[in-house]
Amino acid sequence: MHHAHRAHRANHVGRICGRLLTGALLVALALVLIVPLWWTLASALRPAGSLYEYANPLTWRTFFPSEVTLDNFVNIFTNLGFGRALANSFIVAFGAIAMGVVVSAMAGFALAKFVFPGKSVFFFIVLLTFMVPFEAIVIPLHLVVKRIGIVNTYWALILPAVGNGLGIFLFKQFFEELPTELLEAARVDGASWLSIFTRIVIPLSLPAVVTVVVMMFLFQWNSLFWPLVATYSSRYQVVQVAVASHVTAEEAHWANLFSSAIAASLPPMLLFLAVQKQYVRGISSTGFK
Amino acid sequence: MFRDSKAAFWFILPALVFLCLFKIWPIAVSLGESFMQTSISGRKFFVGLENYAYLLHDDPLFWGSVRVTLLYSLVINPLAVAVSLALALLLNRSKWYVGFFRTLCFLPSAISLSVVAVIWGVMLDPHFGLANSVLRMLGLQPQPFLTSSSQALWCLMAMSLWRSAGYWMMFFLAGLQGIPQEVYEAAEIDGAGGLTRMFRITLPLLARTMSFVLVSNTAFNFLTFAPVFILTRGGPMRSTNMLMYESYKSAFVNVDLGRATAISSMLLVMILITSVIELRLTRASFEY
């Protein structure tokens, strides 16, 4: 009796310790994640000349500017052409997404529902291209794009992203779940393949479309290496290149740096927050889960 | 399955054209160029395996980069898996705060690696950075961080971990939710404690997720470019001169395409070998 009571108490103490430990871990985690983001935002909202002043020593003012201003944002848009970079990134992202979703969905459909000669060769090419990461072929791709004659144009940024092995694979996985009988019935009714694809297959596959759209948007929006190599005039400068161009040690540039970092990160963050669940579900449905 | 080859052909045609033009052709060019050398007059001639032989035998710069890249990958890959798995285990419960924490962990991965590098670069500034202000407040010595050859690479690792751990956590969470609850209940009835359940049920059943995360991470980390380009340019004293950056310099600064493409081909081989080893390891150690 006495023994059981003591065991119960030990268990109770253990549980409280466990809870305290979990709580401490969560608080530490939150600090590590939030502080850099919050500090960036606070610094972007501070008057440009007073950035160093509050960085050291650490006070509450480091994180809460006594004077909040949008001047830094106004400055990067009016004087540094950040609007142009934002527009370029949107053009490049939407161009690639519009073409890429159609191309990948079509190929995924053929792989999921058709038997044709050379199917295994085509599937091998798809697998190969999504196993070889994009960064690894940036330098030879530059030679190819130069040969085609589209270097330093929007096309150089859009076209290489259109054929997307992972996108094709994702669509294939999703289309395999669609009932073949449904398509056969439509076929018997005399529907063309094009209308079956656009009227039945795509409307039934919106979750897959969302996943591929988000995947391609994040990839295009966040890429730095390829735009750096494929374009050199400021006309085609995309956001990531614009942000990277503000990296210098001078205080005057810190304000531009923080505000452009915030402006560049808002679109992907908002998109991420909006479709987070579907995106993760879609990616893990590729069978890697 | 339909046997309409003509329809299938039209459906795959656009993808085939784009994949061949912008993926297969560059891969072929990369291999081809790595067997070529360009003379001062711009003429190209075939040199066989000479670019590779030179890299392997007479290029200390290349070997320095291999060392840096391997060190970076050997530390960051297992660490990223461990941290993201730990986060997933910590957040795999139904409490009111869990949704908030999951989103918070996920948020940094929506920011591009280059913006993360920019933010961390300022935070780690030796004179005015937030990191040293915190150290001073705690009464510790300020550190040189990115300006020191013994610390820079570790700073890049921390940065990469900060950005990507929450992303990979999502895959582990999906994996954890795929484990049926009955398995745990049965184990509890059989008297299995928390640790036993962890090592006998959770980890073995997560083996597939684990290989996926490990292999994806490997490719990604071997090809690290943005943080090096933005923050350190390979320095100080080549301590962060990773292979991708060395290849970039070779192609665009020294205009030695043979060397640049030979390096990127070797990188692909390294990624391939490491991935195969990792697949073997994760499969073997979780057999039960």
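Residues numbered from 1 in each chain as written. Chains lettered and ligands numbered in written order. Predicted model: local features only at pLDDT ≥ 70, side-chain atom pairs only at ≥ 80, totals over all residues.

Caption draft 1: Representation of the overall build of chain B. Within chain B, the secondary structure is distributed over 13 helices and two strands. If you line up chain B on its principal axes, its C-alpha atoms span 75 × 70 × 35 Å. The buried share of chain B, reckoned over its 288 residues, is 45%. Long-range contacts, defined as pairs at least 24 residues apart, comprise 68% of the intrachain contacts of chain B with a sequence gap of at least 6. (Helix = DSSP H or I, 4+ residues; strand = E, 2+ residues; numbered from the N terminus. Buried ≥ 20, exposed ≤ 12 C-beta atoms within 10 Å, placed from the backbone. Contact = placed C-beta atoms within 7 Å.)

Caption draft 2: Local environment of the overall build of chain A. For chain A, the helix and strand inventory stands at 14 helices and zero strands. For chain A, the α and β elements follow one another from N to C terminus as α-α-α-α-α-α-α-α-α-α-α-α-α-α. Relative to the 2.2 N^0.38 estimate, which gives 19 Å for 289 residues, the radius of gyration of chain A is 26 Å and therefore markedly larger than a compact globule would have. Across its three principal axes, chain A shows a C-alpha extent of roughly 80 × 75 × 35 Å. For chain A, the proportion of contacts with a sequence separation of at least 24, taken over those separated by at least 6, is 79%. (Rg over C-alpha atoms; globule rule 2.2 N^0.38 Å.)

Caption draft 3: The interface of chain B and chain A, seen in detail. Each partner contributes to the interface: chain B provides 71 residues, whereas chain A provides 63 residues. Looking at which element gives the most residues to the side of chain B that touches chain A, the answer is helix α1 (residues 5–33) of chain B, with 20 residues. Class assignment for the residues of the side of chain B that touches chain A results in 51 nonpolar, 14 polar and six charged. (Nonpolar A, V, L, I, M, F, W, Y, C, P; charged D, E, K, R; others polar.)

Caption draft 4: View of the environment of R67 of chain B. Looking at where R67 of chain B falls in the secondary structure, it is placed in helix α3 (residues 60–90). C-alpha of R67 of chain B to C-alpha of P26 of chain B: the two residues are 41 residues apart in sequence and 27 Å apart in space.

Caption draft 5: Molecular detail of the nonpolar core. Membership of the largest hydrophobic core comes to 157 residues, with the highest contact counts inside it found for A107 and A261 of chain A together with A15, A117, V118, M169 and F225 of chain B. With 15 residues, the top contributor of residues to this core is helix α4 (residues 82–113) of chain A. Counting only domains with at least three residues in this core, you end up with domain 1 (2–73) and domain 2 (77–284) of chain A. (Core = buried A, V, L, I, M, F, W, Y, C linked by C-beta atoms within 7 Å. Domains from an automatic or database assignment.)

Caption draft 6: Fine view of the packing of helix α5 (residues 119–131) of chain A against α1 of chain B. Contact geometry for α5 of chain A and α1 of chain B: axes closest at 11 Å, N-to-C directions at 45°. The angle between the axes of α5 of chain A and α1 of chain B places the two elements in the oblique class. The hand of the α5 of chain A/α1 of chain B crossing is left-handed. Along its contact with α5 of chain A, which presents F122, I125 and T129 of chain A, the element α1 of chain B presents I12, L16, L19, K23 and I24 of chain B. Split by residue class, the contact of α5 of chain A with α1 of chain B holds six nonpolar, one polar and one charged. (Axes fitted to C-alpha atoms, helices over the stretch in contact; angles between N-to-C directions. Parallel < 35°, antiparallel > 145°, perpendicular 65-115°, else oblique. Left-handed = near helix turned anticlockwise from the far one by under 90°.)

Caption draft 7: Geometry of the domain arrangement of chain A. Residue and element names in this part refer to chain A. Considered domain by domain, chain A is made up of domain 1 (2–73) and domain 2 (77–284). Here the C-alpha centre of domain 2 lies 36 Å away from the C-alpha centre of domain 1. Of all elements in the fold, only α1 (2–44), α2 (51–55) and α3 (71–78) reach the threshold of two or more residues within the side of domain 1 that touches domain 2. Looking at which element gives the most residues to the side of domain 1 that touches domain 2, the answer is α1, with four residues. Per-class residue counts for the side of domain 1 that touches domain 2 are six nonpolar, three polar and no charged.

Caption draft 8: View of the confidence of the model for chain B. Taken over all residues, the pLDDT of chain B has a mean of 85, while the share at 70 or more is 98%. Under the prediction, the complex receives an ipTM of 0.84, its pTM being 0.85. (pLDDT = per-residue confidence, 0-100.)

Caption draft 9: Expanded view of the environment of A48 of chain A. Residue and element names in this part refer to chain A. Looking at the element boundaries, A48 is found in the loop between α1 and α2. Residue A48 is classed as partly exposed on the basis of its C-beta count, with 17 C-beta atoms lying within 10 Å. Residues A48 and D71, 23 residues apart in the sequence, show an inter-C-alpha distance of 7.9 Å.

Caption draft 10: The packing of α3 of chain B against helix α10 (residues 207–222) of chain B, seen in detail. Residue and element names in this part refer to chain B. Viewed as axis vectors pointing N to C, α3 and α10 meet at an angle of 145°, and their least axial separation amounts to 9 Å. For the pair α3 and α10, the crossing hand works out as right-handed. Contacts between α3 and α10 pair T69, Y72, S73, I76, N77, A80, V81 and S84 from the former with M210, V213, L214, N217, T218, N221 and F222 from the latter. Here the contact of α3 with α10 is composed, by residue class, of eight nonpolar, seven polar and no charged.

Caption draft 11: Seen up close, the environment of A226 of chain B. Along the polypeptide, A226 of chain B turns up in helix α11 (residues 226–232). Ignoring sequence-local partners within four residues, the contact set of A226 of chain B consists of L224 and F225 of chain A together with L113, S114 and A117 of chain B.

Caption draft 12: Highlighting unusual backbone geometry. Of note in the backbone geometry, N152 of chain A takes a positive phi value of approximately 60° without being a glycine. Secondary-structure assignment places N152 of chain A in the loop between α6 (138–148) and α7 (154–162). Unusually for a residue other than glycine, M237 of chain B sits at a positive phi of about 50°. You can see M237 of chain B is positioned in the loop between α11 and α12 (243–252). Here M237 of chain B falls in the exposed class, since 12 other C-beta atoms lie within 10 Å of it.

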